[in-house]
Amino acid sequence: MKVTFPHMGNAWIVIQTLFESLNVEVVVPPINSKRTLQLGTRLSPESACLPLKLNLGNYIEAVNEGADTIVITGGIGPCRFGYYGEMERQILRDAGYAYDVVTLEPPDGSLLGLAERIRYLAGSKNSWVKIFKALRFAYLKSVALDRVEDLIHAARPRLPDQRETEKLYEAAKIRIAQTMTNSGVKETVRWVQESIRDRQVELSPSERFYKPLRIGIIGEIYTILDPYTSMGIEEELGRLGVEVDRSIYLSGWVGNHVFQGLAPGYRSIKSYPAHALPYLPHFVGGHGQETVGAAVKFAQEGVNGIIQLFPLSCMPEIVAASVLPRVQETYKVPIMTLIVDEHTGHAGMQTRLEAFVDLLERANFEPRTEHTRGDVLSVGGR
């Protein structure tokens, strides 16, 4: 058995760690690219959302490296993600790909259901103790990755050399992917913190204490977690001198949906439905309600602007988008919605981001310059 899975941002590091800890052979598909999307689009229904098309492209690229089993998480409610496993199985079978598809979800709402499916993949040679230890270690890596992401979000608009900041981020991901000890994971986070401190020493006092604009990113989880799908929106905003915060982090989603709230993750999403109550008081599938709740929470925290990001035809996010103007009116915070599909171009996205940032700068009367880049970093995370 050779297991593969769809890409979604840094999730590949966590999934690879889980299965390698259980001695399951893993095929990590190439990072999402134009070729991935082209391959998946050829097999997908035209009306399918962008994540499905990228998933199929991942599987086609992985089969060339010998993968024969797909692992994908499941979903519930009025969102097509809950059908992904079966839809992808049928599409791949009709195209001649003999994949076994295993959906990792707690079928009875308990962790035991999830563990039983992992046991099926890992085989009887792995004890329950080993399986739960592997799950815990993979989860700890997801928390560390999210902490590193948050540090990089704060560093991008503040440090003078963005290329060096991106190199630091890539190096940190590699180190976390390669280490197989808790101490190695913790040391990597400390290394990132110290590296940022070292770079900040070079800043002048005016650079160190300038406060950049803050924008909250909300929307569909795959689109906001995967840099290819989001057109690198976080890095692009950092280049424009903006500090980004995000409504969903990987460990927060895992803690809430996979571990049933027993492990909150680096940034829990449990409070979002309560924040959404005055505007969207019921579940609409996907993360539609959480999107509205996150917008309210960001607005209450005083962000300068909010960007909703989701794939074309995503019904839960369309519902959320129809409610967000009320949030915008209540809190007087600018909210922009960006919708992506396989035809979305980077240049168009870049232009819209630049225009939005310009609007926020004018509203805040703090024009950005090349020599005013940020206040002191909270290198311990928020």
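### A few points about the overall build of the protein chain
In step 1: Helix and strand content of the protein chain: 16 helices and eight strands.
In step 2: The proportion of buried residues among the 382 residues of the protein chain is 55%.
In step 3: Long-range contacts, defined as pairs at least 24 residues apart, comprise 72% of the intrachain contacts of the protein chain with a sequence gap of at least 6.
In step 4: Accessible area of the protein chain: about 16,600 Å², with a carbon and sulfur share of 56%.

### Regarding the pattern of salt bridges
Two side chains that carry opposite charge are able to pair once their charged atoms sit near each other.
In step 1: One pass over the full model with this rule turns up 20 salt bridges.
In step 2: Between arginine 199 and glutamate 164 there is a salt bridge; the shortest N-O distance is 3.9 Å. Of this pair, arginine 199 sits in helix H8 (residues 182-200) while glutamate 164 sits in helix H7 (residues 162-178), and the two are 35 residues apart along the sequence.
In step 3: Classification of glutamate 164 by relative accessible area gives partly exposed; the value is 30%.
In step 4: A salt bridge links glutamate 301 to lysine 297, with the shortest nitrogen-to-oxygen separation between them at 2.7 Å. Of this pair, glutamate 301 and lysine 297 both sit in helix H14 (residues 288-301), separated by four residues, roughly a single helical turn.
In step 5: Taking the relative accessible area as the measure of exposure, glutamate 301 reaches 40% and is therefore partly exposed.
In step 6: A relative accessible area of 27% means that lysine 297 is categorised as partly exposed.
In step 7: Salt bridges here are not isolated pairs; linked through shared partners, they connect Glu149, Glu234 and Arg246.

### Digging into the nonpolar core
In step 1: Core analysis: the largest hydrophobic core is formed by 92 residues, its most contacted members being Phe19, Ile215, Leu237, Val292, Ile307 and Leu353.
In step 2: The contact partners of leucine 353, leaving out residues within four places of it in the chain, are Ile233, Glu236, Leu237, Leu240, Ile307, Met336 and Leu338.
In step 3: Counting residues in each nonpolar core, the second largest holds 15 residues, with Ala48, Ile70, Tyr84 and Tyr99 among its members.

### Focus: helix H2 (residues 34-43)
In step 1: Residues Thr36, Leu37, Leu39 and Gly40 constitute the buried set of H2. Seen from one end, H2 has its buried residues packed into an arc of 165°, which puts them on one side. What points out from H2, more than 90 degrees from its buried face, is the exposed set Lys34 and Arg42.
In step 2: Contact partners of the buried residues in H2: helix H3 (50-63).

### Comments concerning the pairing of strand S6 (residues 242-246)
In step 1: For S6, a buried count of five out of five residues is recorded, marking the element as mostly surrounded by other parts of the structure.
In step 2: Burial of the side chains of S6 extends over both faces: Val242, Val244 and Arg246 are buried on one face and Glu243 and Asp245 on the other.
In step 3: Relative to S6, strand S5 (residues 213-219) runs parallel, the two sharing five bridges. From the neighbouring strand, isoleucine 217 faces S6, where its bridge partner is arginine 246.

### Observations regarding helix H16 (residues 346-364)
In step 1: Here H16 spans 27 Å end to end across 19 residues, near enough to the 27 Å set by a 1.5 Å rise per residue.
In step 2: Every buried residue belonging to H16 is among Met349, Leu353, Phe356, Val357, Leu360 and Glu361, and all of these are buried. Within H16, the buried residues cover an arc of 140° as seen down the axis, which keeps them to one side. Across from the buried face of H16, at angles greater than 90 degrees, the exposed residues are Ala347 and Arg362.
In step 3: On its buried face, H16 sits against S5, helix H11 (233-239), S6, strand S7 (305-311) and strand S8 (335-340).

### As for the sheet that holds strand S1 (residues 2-4)
One key point about sheets: their strands pair by backbone hydrogen bonds, in either a parallel or an antiparallel sense.
In step 1: Spatially, four strands are ordered S2-S1-S3-S4 in an open sheet, and the strand pairing comes out parallel. Both outer strands of the open sheet, strand S2 (25-26) and strand S4 (100-104), are each paired with one neighbouring strand and no more.
In step 2: In this sheet, strand S3 (residues 69-73) lies alongside S1 in parallel orientation, the contact comprising two bridges. Bridge pairing in S3 places valine 3 opposite threonine 69.

Definitions and limits used
All residue numbers refer to position in the chain's written sequence, counted from 1. This being a predicted model, a pLDDT of at least 70 is required before a residue's local features are given, and a value of 80 or more before pairs of side-chain atoms are given or counted; all residues contribute to the totals for chains, interfaces and linings. Derived side-chain values reflect all non-hydrogen atoms in the structure, with water molecules and hydrogen atoms excluded from consideration. Each helix corresponds to a stretch of at least 4 residues labelled H or I by DSSP, and each strand to a stretch of at least 2 residues labelled E; elements are numbered beginning at the N terminus. Residue exposure (1.4 Å probe, protein chains only): buried if accessible area is under 20% of the type maximum, exposed if over 50%, otherwise partly exposed. Contact definition: two residues touch when any of their heavy atoms are within 4.5 Å. Surface accessibility in these figures is a Shrake-Rupley result with a 1.4 Å probe; residues are shielded only by whichever protein chains are displayed. By convention in these notes, a salt bridge is any Lys or Arg side-chain nitrogen within 4 Å of a carboxyl oxygen on Asp or Glu. Each nonpolar core is a collection of buried residues, namely Ala, Val, Leu, Ile, Met, Phe, Trp, Tyr and Cys, held together in the definition by side-chain atoms within 4.5 Å. It is the directions from the helix axis to the C-beta atoms whose arc is reported. Here, strands pair whenever DSSP counts at least two bridges between them. Between the first and last residue of a helix there are one fewer steps than residues, each counted as 1.5 Å, and that sum is the expected span.

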